[in-house]
Amino acid sequence: MKKLVFFSGAGMSAESGINTFRDSDGLWEQHRVEDVATPDAWRCNPALVQRFYNERRKKILAAQPNAAHQLIAELEDTYDVHVITQNIDDLHERAGSSNVIHLHGNIRLAKTSGPKAQYTTEFYPIEGAELDLNKHFCKDGYPLRPHVVWFGEAVPAYEEAQDCVQDADIFIVIGTSLQVYPVAGLVQEIPPNCTAYYIDPKANQQHLPPQFEKIAMTATQGMQYLKDKLLNEVA
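We now turn to the structure provided with this report.

Observations concerning helix α7 (residues 158–165)
Then step 1. Buried within α7 are the following residues: Y158, A161, C164 and V165. For α7, the buried positions fall inside an angular range of 115 degrees around the axis, keeping them on one side.
Then step 2. Looking at the buried side of α7, the elements it contacts are β1 (3–8), β4 (80–85), β5 (100–102) and β9 (170–174).

Structure follows, in structure tokens:
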């Protein structure tokens, strides 16, 4: 089977009711990003940060995968499908996708808040929606924090994502404005002979390498169009 790699961003989950990471006013769920999504924020006010992500986790648990998530998962019947996502939700997995790389972490998991937090590979499943600073600790005694890559931290999964795209037959970018680096650089890592698509309502405004076909549609509309196109090609 041909290798089909998806690279998804916040627009992928917007149709499931999950807000995009940062609104036009620079706020995330009415908080300054600097107050809830940096190592300094955790050092200054861990209770606020923990409460913020507990609320995010509740919303994600209440959300459901949308049709675009499901269409991606369904393509596993015909293609070797891999998903690389900037999203911290688990909607790809809940829709049935088997191979998902989370570049910015997975809010359903926790990790140590100790000195090696950004590089750890040890994660703790979270039962329910809440982490408690006074109850939940890693094996070294540090309070657990969300498994989320904050601004100013390394992106440990980026190397795995690079390896994933470098032998892709088909590469599909969906629901991301490609503004966050280094992860946006993945579009430069695909092979020259790779067929590439970019799905986004503002696709025509994006400057991309010439091998990309731009599909100016929402995630669900674009995925329905593309799934039909891909299945016709292998029929």
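A few points about the pattern of salt bridges
Then step 1. Under the definition given, this model contains 11 salt bridges.
Then step 2. When the shortest N-O distance is used, the salt bridge between K3 and D167 registers 2.6 Å. With K3 in strand β1 and D167 in the loop between α7 and β9, the pair connects residues that are 164 residues apart, well separated along the chain.
Then step 3. Among the residues examined, K3 registers a relative accessible area of 12% and is labelled buried.
Then step 4. Using a relative accessible area of 47% as the deciding quantity, one classes D167 as partly exposed.
Then step 5. As a salt-bridge pair, K227 and E74 come within 2.5 Å of each other at their nearest N and O atoms. With K227 in helix α8 (residues 219–234) and E74 in helix α5 (residues 67–74), this residue pair connects regions lying 153 residues apart in the sequence.
Then step 6. With a relative accessible area of 14%, K227 lands in the buried category.
Then step 7. Among the charged side chains, a salt-bridge network with shared partners connects E55, K58 and E130.

A look at the packing of aromatic side chains
Then step 1. This model, assessed by the stated rule, comprises 4 aromatic pairs.
Then step 2. With 6.0 Å between their ring centres and 35 degrees between their planes, W42 and W150 make a pair best called tilted. One end of the pair, W42, is in helix α3 (residues 39–44); the other, W150, is in the loop between β8 (144–148) and α7, with 108 residues separating them in the sequence. Each of the two residues, W42 as well as W150, counts as buried.
Then step 3. Relative to F212, the ring of F171 has its centre 6.2 Å away and its plane inclined at 80 degrees; by these criteria the two rings are edge-to-face. Separated by 41 residues along the polypeptide, F171 in strand β9 and F212 in strand β11 (residues 212–215) bring together distant segments of the chain.
Then step 4. Assessed through its relative accessible area of 0%, F171 is described here as buried.
Then step 5. Look at F212 and you get buried, because its relative accessible area is 8%.
Then step 6. A cation over an aromatic ring shows up here: R145 above the ring of W150, its NZ or CZ 3.6 Å from the ring centre.

Reading the values: the criteria
- Residues numbered from 1 in each chain as written.
- Predicted model: local features only at pLDDT ≥ 70, side-chain atom pairs only at ≥ 80, totals over all residues.
- Heavy atoms only, no water.
- Buried < 20%, exposed > 50% of the residue type's maximum accessible area, 1.4 Å probe, protein only.
- Helix = DSSP H or I, 4+ residues; strand = E, 2+ residues; numbered from the N terminus.
- Arc of directions from axis to C-beta.
- Contact = heavy atoms within 4.5 Å.
- Salt bridge = Lys/Arg side-chain N within 4 Å of Asp/Glu carboxyl O.
- Phe/Tyr/Trp six-rings, centres within 6.5 Å; stacked < 30°, edge-to-face > 60°.
- Lys NZ or Arg CZ within 6 Å of the ring centre and 35° of its normal.

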